[in-house]
Amino acid sequence: MSNDEPLLSVTSAHLNTGLRGIPVGTCRTSFVTPTEGVHYCGYPIAELAALDVEDVIYLLFNKELPTPEQSAAFRADLTARGALPEGLDAVYAALPREGHPMDWLSIGLHTIGMADTTGNWMDDALNLVARMPRVMGLLFRYREGRTDGIPADDTSLGLVDRFIATLDPEGVDRSVMREVLNAYLVLHLDHGGGNLSTFTGKATASGKATLYASMASAMNSLSGPLHGRANQSCLEFVLGIGTSDPEEVEAFIRGELEAKRPVFGFGHAVLRAEDPRATYQFALGERLCPDDENFAIIRTLREVAPRVLAENPKISNPNANVDIASGTLLHHVGLRKPEYYTTFFGWARVAGIGAQIVDERTVMRDGKGVPIYRPKYIAEEQSLRHV
Ligand code: CMX
């Protein structure tokens, strides 16, 4: 069953397949095509990748790119919404540092939601977008025990600069870090309506849980190794190769395939060409860090892996996906620990999932909203035993 052919009748063959390909709704923010990948509100991602993240978030919420005046007003609005309610510092100070950063993120969202939820879907979604940079910065600072001298929160900064200011990294070129993080966020903001975390967030919101509780559900979904955590695995994979020599890289790939392990950073459920998000990040890397040793490895992987993977006719797309380069770029700008990478993915998705929740709650069905999710499960023999 192909993902782009709408399925209009469900048969028993579709049961227990994770709703694969079964249409359940419409999406106003984004869709994915086999050749151009993800589009936000009709724009292919390649056309948006170099924009400021604030403008692309505006697009997802308003379905059009902002004029310069609208852009300035939106940034001022985010500044006004950005201050965190009290309480996150105390909770983060108490959490176990060995806990996964995605669990910290989810608890962080619950914590600020408990302190301040308006109940207005749009306000809560935008408030959370505006608060994420500080949540992310504090998550790093408390988890790493760097709690002395955390800079005061300056909500007048742009989203990425505000995270960097809170993180206050040493020995890092902040303008390069800004460019890498801005691109990372733009490329990961949204990915259609049916991916697991977006679906989970919308399903939770359909029961009228708060926007914060819904987003925490979405982040818990994203934390799984088959979903958002693939970007962590991908850099771990690259670090494990340890050489950019084409013959050695090819031998490594063949060894992984023989051991029935995935070649991370390649393949896609929908795309049938290189993901334009990978193409953009490769170009960024060639400009910002052509001599980085991990970048040299992924450059070789990009040359060698598609040829080797294409030998297996079962593999529908042997080309690079978004995860191949993002970890290497984050590593290059001093974000060295792969276990944090899914939190950046989550940070980005807060905007896309937030915009989709707002659409489902306040726009769909002439503003009535999508009713509470309730797919049908068919009773199996065992459950009927005592009937
Ligand atoms: N390495 C090894 N095997 C691969 C592969 C890869 N990169 N890509 C596909 N395959 C295998 C599949 O596991 C599947 O094997 P089985 O038939 O034994 O189950 C077969 O080839 C056919 O798969 P497919 O139809 O081409 O692709 P799927 O939709 O099933 O899977 C994906 C897509 C991304 C899970 C898969 O390509 C993969 O595991 N890639 C490596 C992990 C990775 O990079 N994940 C990040 C994805 C990023 C994104 O989704 O944007």
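Residues numbered from 1 in each chain as written. Predicted model: local features only at pLDDT ≥ 70, side-chain atom pairs only at ≥ 80, totals over all residues. Heavy atoms only, no water.

### A short note on the environment of Val135
Definition in use: By definition, any uninterrupted DSSP run of H or I lasting at least four residues is a helix, any uninterrupted run of E lasting at least two residues is a strand, and each is numbered from the N terminus. Exposure categories follow from relative accessible area, calculated using a 1.4 Å probe and restricted to protein chains: below 20% of the type maximum is buried, above 50% is exposed, and the middle band is partly exposed. Whether two residues touch is decided by their heavy atoms; if any such pair falls within 4.5 Å, the residues are in contact.
Within the secondary structure, Val135 is located in helix H6 (residues 121–143). Exposure remark for Val135: the relative accessible area of 0% places this residue in the buried category. Non-local contacts of Val135, meaning those with residues more than four positions away in its chain, are made with Leu84, Leu88, Tyr92, Leu105 and Ile112.

### What about the sheet that holds strand E2 (residues 37–40)?
Strands belonging to one sheet form pairs held by backbone hydrogen bonds; the direction of such a pair is parallel or antiparallel. Stated precisely, the cut-off is as follows: We call two strands paired when DSSP finds no fewer than two bridges between them.
Judged by pairing direction, the sheet is antiparallel, and its three strands sit side by side in the order E1-E2-E3 without closing on themselves. Among the strands making up the open sheet, the edge pair consists of strand E1 (30–33) and strand E3 (43–44). For E2 and E3, the ladder comprises two bridges, and the chain directions are antiparallel. Bridge pairing links Tyr40 to Tyr43 in E3.

### Some points on the site of the ligand
Let me state the cut-off plainly: Whether a residue is near a molecule or strand is decided by its heavy atoms; if any one of them lies within 4 Å of it, the residue is near. Whenever a nitrogen or oxygen atom comes within 3.5 Å of another N or O atom, the pair is scored as a polar contact, on the condition that within protein one atom can donate a hydrogen and the other can accept it, and that pairs from neighbouring residues in sequence are kept only if both atoms are in side chains. Computed by Shrake-Rupley with a 1.4 Å probe, the accessible areas treat only the displayed protein chains as cover when residues are assessed. As a working rule, the residues Ala, Val, Leu, Ile, Met, Phe, Trp, Tyr, Cys and Pro are called nonpolar, Asp, Glu, Lys and Arg charged, and the rest polar, with Gly in that last group.
The environment of the ligand is made up of 17 residues, and the closest members are Val263, Gly265, Phe266, Ser316 and Asn321. Interatomic distance of 2.8 Å between a backbone N/O atom of Gly265 and an oxygen atom of the ligand. Lys314 places a side-chain nitrogen or oxygen 3.2 Å from an oxygen atom of the ligand. When the ligand is considered free in solution it has 880 Å² of accessible area, and contact with the protein chains removes 60% of it. Of the residues assigned to the shell around the ligand, the class counts are nine nonpolar, five polar and three charged.

### Some thoughts on the pairing of E2
Successive side chains on a regular strand alternate, one facing one side of the sheet and the next facing the other. In the sheet, E1 pairs with E2 via four bridges, with the strands oriented antiparallel. Bridge pairing in E2 links Val32 to Val38. Counted between consecutive antiparallel strands, the loop separating E1 from E2 contains three residues. Here E2 folds back onto E3 in antiparallel fashion, the turn holding two residues, of which Cys41 has a positive phi close to 45 degrees.

### Some thoughts on the state of the cysteines
For clarity, the threshold we go by: Pairs of cysteine sulfur atoms within 2.5 Å are identified as disulfides in what follows.
Evaluated as defined, the whole model comprises zero disulfides. Between Cys27, a free cysteine, and Cys41, which holds the nearest cysteine sulfur, the sulfur-to-sulfur gap is 8.4 Å. Cysteine Cys289 remains unbridged, with the sulfur of Cys234 as its closest cysteine sulfur at 15 Å.

### Quick notes on the domain arrangement of the chain
Selection rule: Note that the domain bounds reflect an automated or database-derived domain assignment. A 1.4 Å probe defines the accessible area here, and the buried area is the portion of it lost by two parts on being joined, summed over both.
According to the domain assignment, the chain contains domain 1 (38–227 + 337–362) and domain 2 (230–332). In this assembly, 23 residues from domain 1 lie in contact with 21 residues from domain 2. Across the interface of domain 1 and domain 2, roughly 1900 Å² is buried in total on both sides, 66% from carbon and sulfur atoms. Here domain 1 and domain 2 share nine residue pairs in polar contact (both at pLDDT 80 or more) between them. At eight residues, helix H8 (residues 174–188) tops the list of elements feeding residues into the side of domain 1 that touches domain 2.

### Some words on the nonpolar core
Condition: The nonpolar core is taken to be a set of buried Ala, Val, Leu, Ile, Met, Phe, Trp, Tyr and Cys residues, with the residues joined through side-chain atoms within 4.5 Å.
Formed by 99 residues in total, the largest nonpolar core has its most connected members in Met219, Leu301 and Phe344. Considering every element that reaches this core, the biggest residue donor is H6, with 13 residues. In terms of domain composition, this core takes at least three residues from each of domain 1 (38–227 + 337–362) and domain 2 (230–332). Beyond its immediate stretch of four places on either side in the chain, Phe344 contacts Met136, Phe140, Phe163, Leu181, Tyr184, Leu185, Leu330 and Leu335.

### Re helix H12 (residues 246–258)
Put simply, the rule reads: What a helix is expected to span follows from its residue count: subtract one and scale by 1.5 Å. In this description, the arc belongs to the directions extending from the helix axis to the C-beta atoms.
End to end, H12 covers 18 Å across 13 residues, agreeing with the expected 18 Å (1.5 Å per residue, within 8%). Taken as a whole, H12 has its buried residues at Val249, Glu250, Ile253 and Glu256. Summarising the axial view, the buried residues of H12 lie within an arc of 125 degrees, below the 170-degree limit, and thus occupy one face. Away from its buried face, by an angle of more than 90 degrees, H12 presents the exposed residues Glu247 and Glu258. Where H12 is buried, its residues touch helix H11 (230–241) and helix H14 (293–309). Directly after H12, the chain includes Lys260, whose backbone phi takes a positive value near 60 degrees.

### A word on helix H7 (residues 159–167)
The α-helix advances 3.6 residues per turn, and as a result positions three or four apart in sequence lie on the same side. Counting buried positions over the nine residues of H7 gives seven, a clear majority of the element. Within H7, the full set of buried residues consists of Leu159, Val160, Arg162, Phe163, Ile164, Thr166 and Leu167. Residues of H7 that are buried in the fold lie against helix H2 (53–62), helix H3 (68–81), H6, H8 and helix H16 (341–362). The first or second residue beyond H7 is Asp168, which carries a positive phi of 50 degrees.

### Comments concerning unusual backbone geometry
With the exception of glycine, the majority of residues adopt a negative phi angle, and the majority of peptide bonds are in the trans configuration. Unlike most non-glycine residues, Lys63 shows phi in positive territory, near 65 degrees. Look at Lys63 and you get partly exposed, because its relative accessible area is 23%. Phi at Arg365 takes a positive value of approximately 50 degrees, unusual for a residue other than glycine.

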